[in-house]
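Structure assessment
Here is how the chains run, residue by residue.
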Amino acid sequence: LTYIAGFTGYNPPRTQESVAGFTTFVNSIVSANASESSLQQNYKTAVDLRQAAFLKTPSSVDKLLAPIRGAVEAQFGKKSTEAVAIAAIIKNMRATKLVQAPADPNSPAQQQTISQSERSYGSMTQFFNDIINTLSQFAGYNPTNNALKIVNLQTTATQLTTLNNNVASKIQVLKTARANRQNLYTDLKDRVQRIKSYVKAQYGNSSNEYRLIKGIRI
């Protein structure tokens, strides 16, 4: 763009390769790059927030399982029907391996990982909802630990669903932005080739103008 802006008599047949048209186009690519970078960070933040809610903080879902089981056993007895029912769900929940979503969801090699990640977090969320529904059926369930009360567990479950949906949404937005940006770069390659062909025709193979741009590769 800098070179052609300085060429005397530069007037290609298409407006797309004109100085004004090419300036607008290059600016759109710069904007697409900045947008992709921002969306990539948004996606990573969503992934990290979900991971923390499920596993990595003292108040994460994983850290609630033992207290829930303890509260049920304390109130109904370790060998009670209630305790056995909760223990079975917790066992299934702990057997679910959470798959961390990949840092780059657009890599073809990561598509399977994304699918596995969404299934694993979805399963974990469903098991947690199963625990809440089961606890709701226990007459008199009323733990002193405020975090283990039904209403607060339901709030936590809603937050998990929101986090799952947020990651899924960020993946789709980022993939769409990446695809659009790729189309811009495909167009850029074509435009640069057209510019080189025009400059060669207009100024000649041995011209300073052509020598300046002929080695540019996209």
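The structure under discussion appears in the preceding block.
Each value, and the rule that gives it
Residues numbered from 1 in each chain as written. Predicted model: local features only at pLDDT ≥ 70, side-chain atom pairs only at ≥ 80, totals over all residues. Heavy atoms only, no water. Core = buried A, V, L, I, M, F, W, Y, C linked by side-chain atoms within 4.5 Å. Buried < 20%, exposed > 50% of the residue type's maximum accessible area, 1.4 Å probe, protein only. Helix = DSSP H or I, 4+ residues; strand = E, 2+ residues; numbered from the N terminus. Contact = heavy atoms within 4.5 Å. Axes fitted to C-alpha atoms, helices over the stretch in contact; angles between N-to-C directions. Parallel < 35°, antiparallel > 145°, perpendicular 65-115°, else oblique. Nonpolar A, V, L, I, M, F, W, Y, C, P; charged D, E, K, R; others polar. Patch = residues over 30% accessible without salt bridge, like charges linked within 9 Å, V, L, I, M, F, W, Y side chains within 5 Å. Areas by Shrake-Rupley, 256 points an atom, 1.4 Å probe, with all protein chains shown as cover. Salt bridge = Lys/Arg side-chain N within 4 Å of Asp/Glu carboxyl O.

Below, the discussion takes up the nonpolar core. Core analysis: the biggest nonpolar cluster contains 25 residues, and Ile68, Ile86, Phe128, Ile131 and Leu135 have the highest contact counts within it. Going through the elements one at a time, α3 (61–76), α4 (81–95), α5 (111–136) and α6 (150–203) are the ones with two or more residues in this core. Not counting chain neighbours up to four residues away, the residues in contact with Phe128 comprise Val61, Leu64, Ile68, Met93, Leu153, Thr156, Ala157 and Leu160. Phe7, Phe22, Leu188 and Tyr203 belong to the second largest nonpolar core, which has 14 residues in total.

So, about the packing of helix α2 (residues 19–56) against α3. At a closest axis distance of 5 Å, the pairing of α2 and α3 adopts a crossing angle of 20°. In terms of orientation, α2 lies roughly parallel with respect to α3. Taken together, the residues of α3 that come into contact with α2 (itself represented by Ala53, Phe54 and Leu55) are Val61, Asp62 and Lys63. Looking at the contact of α2 with α3 residue by residue, the class counts come to four nonpolar, no polar and two charged.

A surface patch of nonpolar side chains, about 350 Å² in accessible area, is lined by Tyr3, Leu212, Ile216 and Ile218. Mapped onto the elements, Leu212 comes out in helix α7 (residues 208–213).

Under the criterion given, the structure shown has eight salt bridges. In this structure, Arg50 and Glu118 form a salt bridge, with 3.2 Å as the shortest nitrogen-oxygen distance. Of this pair, Arg50 sits in helix α2 while Glu118 sits in helix α5, and the two are 68 residues apart along the sequence. According to the relative accessible area criterion, Arg50 is buried, its value standing at 1%. Looking at Glu118, the relative accessible area reads 24%, which means it is partly exposed. With a shortest N-O distance of 2.9 Å, Asp190 and Arg194 are connected by a salt bridge. Taken together, the residues Asp190 and Arg194, both in helix α6 and four residues apart, mark about one turn of the helix. What makes Asp190 partly exposed here is its relative accessible area of 33%. Taken together, the shared-partner salt bridges connect Glu36, Arg178 and Arg181 into one network.

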